[in-house]
Amino acid sequence: MTEPIIKVRGLHKYFGPLHVVRGVDLDVQLGEVVVVIGPSGGGKSTFLRCLNFLEEPSAGSIEIDGVEINAGEPSRQHRKHIREIRQKAGMVFQQLNLFPHMNALGNIIEAPMTVKGMSKEEATEKALELLDWVGLSEKKDEYPSRLSGGQQQRVAIARALCMEPKIMLFDEPTSALDPELIAEVVDVMERLAKEGMTMVVVTHELHFAQDVSDRVILMADGVWAEIAPPEEFFTNPKEERTRQFLAHIL
Amino acid sequence: MNSTGDSGAKSRPRIIRILLILIALTASLSILYALQYYAGSPVRLGVVSPVLDLATNPNTPIVAGGIEDGSIRLWDTTNNWELRAIDLHDGPISRVIFSPDGKTLISVGYDGAVKIQDVSSGQVIHDINASDLPINDASLSEDGSVLATIGDDGVVRVIDIASGQITRMIGPIDGAAKAVAVSSDGIQVATAIGTDIQIWDTRDGAELQKLTGSWEDEARQEDWLGHSGDVTALVFSPDDTLLVSGSDDTNVNFWDLETGEVKWTGENHFASITKLVFTPDGESVLSSSADYKSRIFRVPGGKSSDTFVGHLSAVNSIAPGVLPDTLITGGADGSIRQWDIANTTVSHIEWTKLGVQPGWGVLLSAWLLFSGVIGFVCLYGLSKRKGWSHLLSLGLFIIGPIIALGLPILEATSYTIAWTLRLVVMAPLLLLAAWYAMLIIILMRERVVAYYDAPDTLELSEQLSVNQRNATIRSSLFVGAVWIFMVVALYSVLRRFNLDIPFMQHFLPFIMGGAGLTLFVSALSIVGAVIFALLGALGRLSNNPVAKGVSGFYISIIRGTPLLVQVYIWYLALPRLDIILAAIPAGILALSVNYGAYMTEIFRAGIQAVGKGQHEAAHALGMSRGQTLRRIVLPQAFRIVIPPIGNEFIAMMKDSSLVSIMGVWELTFRAGKIGRQYFRNIETFLIAAAFYWILTVVFQYLQGNLEAYMARGERK
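Given the structure is predicted, the values throughout are model-derived calculations rather than measurements. (Residues numbered from 1 in each chain as written. Chains lettered and ligands numbered in written order. Predicted model: local features only at pLDDT ≥ 70, side-chain atom pairs only at ≥ 80, totals over all residues. Heavy atoms only, no water.)

**Student:** Hey, could you go over the nonpolar core for me, with residue numbers and the actual values?
**Tutor:** Among the nonpolar cores identified, the biggest contains 52 residues, and A:Ile157, A:Met168, A:Phe170, A:Met199 and A:Phe208 are the most heavily contacted of them. With eight residues, the top contributor of residues to this core is helix H6 (residues 179-194) of chain A. With 46 residues, the next largest nonpolar core counts B:Val356, B:Ala404, B:Val425 and B:Ile440 among its residues. (Core = buried A, V, L, I, M, F, W, Y, C linked by side-chain atoms within 4.5 Å. Buried < 20%, exposed > 50% of the residue type's maximum accessible area, 1.4 Å probe, protein only. Helix = DSSP H or I, 4+ residues; strand = E, 2+ residues; numbered from the N terminus.)

The following block contains the structure:
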């Protein structure tokens with residue numbers, strides 16, 4: 001087995017007295033797709049946001065593509081590492097979070113230009129490729145307010161991909177969308193998975209978990225309740241907690 | 001049901017037919033009146049006839065007046081001002097002059113004729129058709145033998161009164177038309193040529209002297225002694241040593257004929273000088289002016305002590321009175337006034353005709369012409385059952401009359417005449433107003449409104465939306481009408497402050513010149529304030545204790561002290577630190593710092609209104625805090641704060657008046673300066689207030705558009 005691209009050890013996160021993530025470990029291999037499901041309030045999103053330090057972990061360590069950060073050591077070095085990790089990990093949000101004052105193309109080329117210092121021509125060329133890839137070439141000049149939720153989320157995926165991340169983090173990417181718009185986003189995610197992107201996906205889309213993922217994790221009460229390949233997870237779960245959860249949603 | 005086209009004419013309801021007839025009648029009569037008015041015909045609704053010239057008979061108690069309506073009027077002042085009107089000329093009379101013995105009266109007019117008549121019999125002795133063009137001025141020598149005239153043709157004509165012959169013609173002269181004067185001995189004739197004065201010999205037409213003026217400080221070309229505007233009035237002193245001239249530049253110059261230079265200048269009038277007359281003793285000059293006032297200038301020195309205030313518009317003429325220590329003036333307001341010189345009050349008024357001021361007559365006829373033309377457009381639309389024509393007629397007959405009738409009616413209530421006379425003056429206008437009110441009532445009848453709302457050929461949904469829109473427009477028409485009425489009423493109230501209108505007109509451009517500086521100071525200050533506010537807001541939102549503390553202190557101290565006090569402190573304190581700032585930069589600094597503190601809260605709210613998700617998205621892409629702020633947060637925050645900044649800008653334009661204490665020559669400073677200098681503070685500050693208001697209204701309108709524009713972007 002090769003060295004995992006994501007290595008999480010003993011991750012804890014407190015919000016004041018609230019202990020949301022209670023010491024989890026995880027190794028993700030290059031090209032692997034891991035889906036995290038579970039009841040709300042179980043700490044899924046917090047765990048995911050800890051991976052790129054949108055939430056500062058309270059304890060534990062995270063290593064992504066060789067950059068390791070231990071929790072609770074604020075320093076210049078620490079902030080530099082965080083920015084390195086963020087460049088390696090693209091993120092897609094439930095609330096879409098496109099920049100409303102920029103058009104689709106502008107949203108995508110902003111970070112490559114300001115963070116990586118890419119030239120505008122280069123960034124635009126790359127952005128157009130990505131827009132084509134997510135099927136929105138003709139929408140490149142539209143502002144987010146004139147795009148549907150599904151289109152916005154596809155632009156957001158292209159925006160994250162334009163930074164050439166090693167891994168992609170999806171935080172309930174379809175939860176804010178109308179049911180008929182979910183398919184187009186899931187479709188893009190599936191294609192991304194097939195192209196070999198390492199992905200950690202927090203979602204309620206069980207079909208995606210069943211069809212695309214390599215491993216499914218049930219997270220409840222801040223810990224892993226069960227980790228298993230999808231066929232096993234959905235047909236023959238080992239844990240009582242998993243059976244309860246599946247009974248609820250299936 | 002066929003509701004449009006020719007066959008629809010028969011199916012029109014009766015009330016619509018009545019409406020069409022009334023509007024056709026209104027429009028035709030309006031145009032007819034306007035046409036005859038502009039053609040110079042005598043039907044002038046309730047408008048007085050301006051008095052163009054006056055003369056007092058040296059031997060009998062008779063005053064003669066040359067009136068714009070073409071009549072010469074003779075008043076017997078001893079016999080309760082009994083009036084005799086003489087109709088000799090075709091067109092306005094520009095000058096009337098009595099012979100020294102008071103037996104003959106010479107009159108000249110716009111018909112180009114010179115008429116010499118016997119006063120007692122009224123018989124015309126000489127009728128001289130001097131010119132095809134109007135004659136504007138005439139002057140008689142002291143012995144009454146030589147008359148000189150000048151008119152639009154630019155020719156000076158010298159006329160021998162005894163024979164009634166033109167003995168000499170000088171010219172045509174380019175630029176001469178307005179003023180002429182003959183010396184007492186009848187040998188010299190002076191005429192105005194633009195800003196200069198040329199004197200000829202009446203006997204041989206030889207050029208004697210040209211008066212142009214000179215620099216008081218020749219080397220530096222400063223302080224011009226002479227006229228800078230067209231000369232409009234001329235008179236020789238009885239001993240022929242002085243020539244006195246009045247001009248459009250508002251000055252009265254006393255020329256020494258020996259040296260050909262200006263001896264004294266009277267700078268007391270605020271508008272064109274219309275007439276100058278020497279008293280027989282040669283010790284004073286009477287002047288009348290378009291600034292509504294008359295004055296007496298003492299001859300040695302050219303100083304003016306007495307002002308005669310009362311005419312409602314330009315004073316066209318002045319003459320010594322029949323009684324001792326009185327003088328008589330005639331004005332464009334249609335009145336002849338006899339003044340008591342000692343206490344400068346009016347002892348008698350005669351009106352040529354009871355009515356409103358001629359200016360209102362001009363306004364009224366302009367309105368009637370306009371409303372007549374638009375009325376026919378409305379009529380066309382109404383007959384075709386067009387929705388727009390109903391709205392247009394409503395607008396025309398509500399808003400127009402408020403200005404064209406409301407202003408003169410309110411004005412007439414301020415005339416110093418009995419109420420019954422006032423009603424007589426206002427009668428034609430009130431009748432017209434009632435007529436328009438009737439039109440409005442008919443137009444607003446439910447059946448009429450329904451008839452002109454959306455035709456039934458449209459879909460129901462379109463009909464409803466068109467009806468809704470029309471109702472909205474109708475209501476805003478009435479709101480607009482109320483606004484305009486309020487402005488008219490405000491104007492009328494202000495008029496009662498006895499405002500010196502010519503003074504205001506004279507200094508309007510000067511005070512208005514400050515509007516540019518007010519805008520400039522406000523614009524730069526708002527830019528400065530935005531910078532301070534941005535820094536303040538970032539400081540407040542920062543986690544850095546120094547930034548937080550400094551911005552908190554800044555906001556607290558600036559918001560805790562009055563702007564006026566701050567302006568004083570900037571003004572007085574900076575020089576002590578040896579920082580000498582010019583008034584304008586210091587003013588801009590004071591305003592920027594003050595408004596920056598207030599706008600900090602706006603910016604803080606704007607920055608906080610940009611969602612947390614935006615920060616997270618930017619951070620997740622690897623952007624640093626600075627990059628996120630600059631590229632993601634501030635651009636969005638700016639969009640949010642632009643409308644409130646517009647509000648602050650409008651407030652700042654008014655608060656910028658406070659920097660006037662630093663000596664910045666903006667609106668308020670200029671108003672205060674002129675107000676103090678001439679003791680007319682109300683007038684000057686009203687002008688300044690009006691400009692602030694105009695600026696504010698304009699910017700509110702622009703800001704409204706900006707907000708609507710930005711809101712549209714949000715919705716889409």
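**Student:** Could you give an account of the sheet that holds strand S19 (residues 231-236) of chain B, naming the residues involved and the relevant values?
**Tutor:** Residue and element names in this part refer to chain B. The four strands lie next to each other as S19-S20-S21-S22, forming an open sheet whose pairing is antiparallel. For this open sheet the edge positions go to S19 and strand S22 (261-266), each flanked by a neighbour on one side alone. Across the sheet, the mean angle separating the axes of adjacent strands is 25 degrees when strand polarity is ignored. Across five bridges, strand S21 (residues 252-256) lies against S22 in antiparallel orientation. Paired with Phe254 across the bridge in S22 is Trp264. (Pairing = 2+ DSSP bridges. Axes fitted to C-alpha atoms, helices over the stretch in contact; angles between N-to-C directions.)

**Student:** Just give me the short version of the sheet that holds strand S10 (residues 223-228) of chain A, but keep the residues and values in it.
**Tutor:** Sheets are built from strands paired through backbone hydrogen bonds, the pairs being either parallel or antiparallel. Residues and elements named next belong to chain A. Taken in spatial order, the six strands make up an open sheet running S6-S7-S8-S3-S9-S10, and their pairing is mixed. Two strands lie at the open edges of the sheet, namely strand S6 (89-92) and S10, each paired on one side alone. Each adjacent strand pair in this sheet contributes to an overall mean axis angle of 20 degrees, direction not counted. As judged from the five bridges shared by strand S7 (residues 167-171) and strand S8 (residues 198-202), these two strands associate in the parallel manner. Along S8, the bridge assignment pairs Leu169 with Val200. In the packing of helix H5 (residues 149-161) onto the sheet, contacts are made with S6 and S7, and the angle to S6 comes to roughly 170 degrees. Strand contacts of H6: strand S3 (33-37), S7 and S8, with the helix running at about 145 degrees to S8, the strand carrying the most contacts. (Contact = heavy atoms within 4.5 Å.)

**Student:** Would you mind going over the environment of B:Trp215 in detail, with residue names and values included?
**Tutor:** Residue and element names in this part refer to chain B. Looking at the element boundaries, Trp215 is found in strand S17 (residues 214-217). When its relative accessible area of 29% is taken as the criterion, Trp215 is described as partly exposed. On a C-alpha basis, the gap between Trp215 and Gln677 in space is 25 Å, while along the polypeptide they are 462 residues apart. Among residues more than four places away in sequence, those in contact with Trp215 are Gln221, Glu222, Asp223 and Trp224.

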